[in-house]
Amino acid sequence: MLDHCSISHKGGLVLWSRSFTPAASTTAASSTSPVNSLVREALIEGRSSDGKYERDGYAVNWTFVNDLELIFVVAYQRILQLTYVEDLLNALKTLFVKLFQPFLTTFVASLHVTSTVRAPSDTSASWNFAKAFDGWDAIFDKLLRGLEDKAAQERRSRSGHVTRPTVEVTPPTEQTSILPSQSGDNVLDEEQIARNVQALKNRLRGRGGQAGRRGRGRADVGSGRDSLPGSDSETPTKRKSKAKAQRKWGDEAPTESDMASLDFSYDSSTSDSHAPPVDLSALVDNGSLGTRTQDGLYEVQDWEFSRGNKDADDVIAEVLKNGGQEPKPASGSLGALGSIFARLTGSKVLTEDDLKPVLEAMKQHLMKKNVAKEISDKICEDVGQSLVGKKVGGFQTTNSAVRQALANSITRILTPKTSTDLLLSIRTKLSTPLPASKQRQPYSITFVGVNGVGKSTNLSKVCFWLIQNGFRVLIAACDTFRSGAVEQLRVHVRNLSMLGVDGATSSKGRVELYERGYGKDAAGIAKEAIGYARDNEFDVVLIDTAGRMQDNEPLMRALAKLVATNNPDKIIFVGEALVGNEAVDQLTKFDRALRDFSAASGGQERGIDGMLVTKWDTVDDKVGAALSMTYVTGQPIIFVGCGQTYTDLRQLRVANVVQAILSD
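Notes on the structure follow. (Residues numbered from 1 in each chain as written. Predicted model: local features only at pLDDT ≥ 70, side-chain atom pairs only at ≥ 80, totals over all residues. Heavy atoms only, no water.)

A few points about the pattern of salt bridges
Per the stated rule, a full pass over the model turns up 23 salt bridges. Across the pair Arg18 and Asp137 runs a salt bridge whose closest N-O atoms are separated by 3.6 Å. With a gap of 119 residues between them, Arg18 in strand E2 (residues 14–19) and Asp137 in helix H6 (residues 136–168) connect regions that are remote in the sequence. Overall, Asp137 belongs to the partly exposed group, its relative accessible area being 38%. Each member of the salt-bridge network shares a partner with another, and the members are Glu360, Lys363, Lys373 and Asp377. (Salt bridge = Lys/Arg side-chain N within 4 Å of Asp/Glu carboxyl O. Helix = DSSP H or I, 4+ residues; strand = E, 2+ residues; numbered from the N terminus. Buried < 20%, exposed > 50% of the residue type's maximum accessible area, 1.4 Å probe, protein only.)

See the structure below:
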């Protein structure tokens, strides 16, 4: 049974709607209704383009009529799994347009004419939709009843078809008739059995000489015994194993002092004195240093696409306003699709058949840019839905329309819903007034991700950026599993302490390491680190976690426990720019596991708040991982890592990513 059905204009005017239950009627009128969520998240933000959307137990399907700017929406309880919804939407679209096309054409034309003269409320009030669509309710009821009856009949026919074959397949009478015949053919007399046993013994004796050299058990087989080898009586004696003797290093077992000398988890007073000198010029690349604003803030450089010398403003103006046309097609974006666009020459209304080869070539282009296949399919569907029914003329107009639709779709996905200004978020928390009885908590950031993506290295880059902005940073070593993880962070802290801020000789005192060795509870160490930072007036705590695969449930539960126990201000997922489809799987499962397990651990539901993409300098223009990651979570990419020094951190601009994806 349906809950809600509506027909509306893309501008927001509802032409006709029907709610089938009082609860659905109340829900449809609220701002959090599934239909409003569909408009906000799927249609405006472009988070879904396959005609299906789910929210709060509801499943919402929709379709467009682009030439009349209409949206047909059907909502129902997701648990019902109605099979006729697609047929209903197609029939609604066909019947409604066929019956009321003259009125709809006039209505849409009047909206475009009066949009600059009168407010939208005046326009909607001047039209009597109930009178214009008189008789539509009866047509809809008849159509819905017919589809429901057809679906019920199909269910009954399927249930009857399934039960009949189960009675006829492999009846017991056939099996009982076959078994005696098989046993009768294979009956052997006692003499034949004895001959077979003797032949087996003879073969075993023939191999006894060679087997005796391999082990005692084989030698017994060839000794002429009548008992079969490997019998139950011999098994315990043959498989008896001796306990392994403990290995000793030297003449006696190591003492506690010996063990302490071999434990490098804790900093010793002599470690720094014997450390080799550090080349500070190798830690910082002057060419990639950020810039200082008028307010004294240190900002990292923007990542810029290397091909061409156009700035971001030119790219935005060219791709979004002028349709992405270039004077020279050979150097323009998506020039490889020129031969496909050539098929659409002439003034015509674009249909699905016209766009099918164009969208297929577009999907292949996106996949070559390292965009995940699932995301490429959805983007192309979104572009196709926005173009079907539009009238274009000439090759250049069609070329521009397709390119502009793709650029708009990518821009809409990459545009963040939340602020990417991490400095503003930190300063806001540290400057918010508190009661005198309450102690200020530091700003905490947790870095999560799979093994080997560069969490510790890029955590140190973020630490350098924070130090340059005047914050005191405490690094919490919560990777208590990987050998060398604590020592790696200790080296980073030592290096960062020697790098100056605004010409100072060192940053000692601005960064420290909090660690408790290996094999400890990561959630407990993070909690202790936050308490230590609060008592010692640190501004920011960077929590390093152990890498783990997204399918390892015990490790994901442990990570969710850390999040639920400490409630960090930001959870940053660190991923590679090279992985393509794997990025979607990693990010989806990390986000889902954190939300499920953190809520189950007694804390509030927390997911991924942002991404840091590493190894960005290895992909050139194949930047599709950024598009895939942003599409999956809707969260922004805060930084990208592009080198081995502490200054190799970049910010992403939407225009630069669009330019790289649209390039050949």
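Some thoughts on the nonpolar core
Judged by nonpolar contacts, the single largest core of 97 residues is most densely connected at Ile410, Phe447, Trp465, Leu466, Leu542, Trp616 and Phe639. The leading source of residues in this core is helix H17 (residues 394–414), at eight residues. Leaving out residues up to four positions away in the same chain, Ile410 has contacts with Leu366, Leu627, Val658, Ile661 and Leu662. Counting 34 residues, the second-largest nonpolar core is a separate cluster that includes Leu15, Phe72, Tyr76 and Ala151. (Core = buried A, V, L, I, M, F, W, Y, C linked by side-chain atoms within 4.5 Å. Contact = heavy atoms within 4.5 Å.)

With respect to the side chain of Lys363
Within the secondary structure, Lys363 is located in helix H15 (residues 352–368). You can call Lys363 buried: its relative accessible area is 15%. If we ignore the near neighbours within four places in the chain, the residues touching Lys363 are Ser376, Asp377 and Cys380.

Section: helix H18 (residues 422–431)
All of the buried residues along H18 are Leu422, Leu423, Ile426 and Leu430. Seen from one end, H18 has its buried residues packed into an arc of 100°, which puts them on one side. Looking at the buried residues of H18, the elements they touch are strand E7 (298–299), strand E11 (443–448), helix H19 (455–468), strand E14 (540–545), strand E15 (570–576) and strand E17 (637–641). The opening residue of H18 is Asp421, an N-cap whose side-chain oxygen sits 3.3 Å from the backbone nitrogen of Leu423. (Arc of directions from axis to C-beta. Polar contact = N/O pair within 3.5 Å; in protein donor to acceptor, adjacent residues only side chain to side chain.)

Considerations on the environment of Ile608
Inspection of the secondary structure puts Ile608 in the loop between helix H23 (581–600) and strand E16 (610–614). Judged by its relative accessible area of 1%, Ile608 falls in the buried class. Distance in space between the C-alpha atoms of Ile608 and Pro636 is 9.9 Å, their sequence separation being 28 residues. If we skip the residues at most four places from it in the chain, Ile608 touches Val448, Ile571, Phe573, Leu587, Asp591, Leu594 and Gln635.

Things to note about the pairing of E11
Burial runs high along E11: six of the six residues are buried. Covered by surrounding structure in E11 are Tyr443, Ile445 and Phe447 together with Ser444, Thr446 and Val448, the residues of both alternating faces. Taken together, the five bridges between E11 and E14 define a ladder with parallel strand orientation. Along E14, the bridge assignment pairs Ile445 with Leu542. Where E11 meets E15, four bridges bridge the pair, whose relative direction is parallel. From the neighbouring strand, Phe447 faces E15, where its bridge partner is Ile572. (Pairing = 2+ DSSP bridges.)

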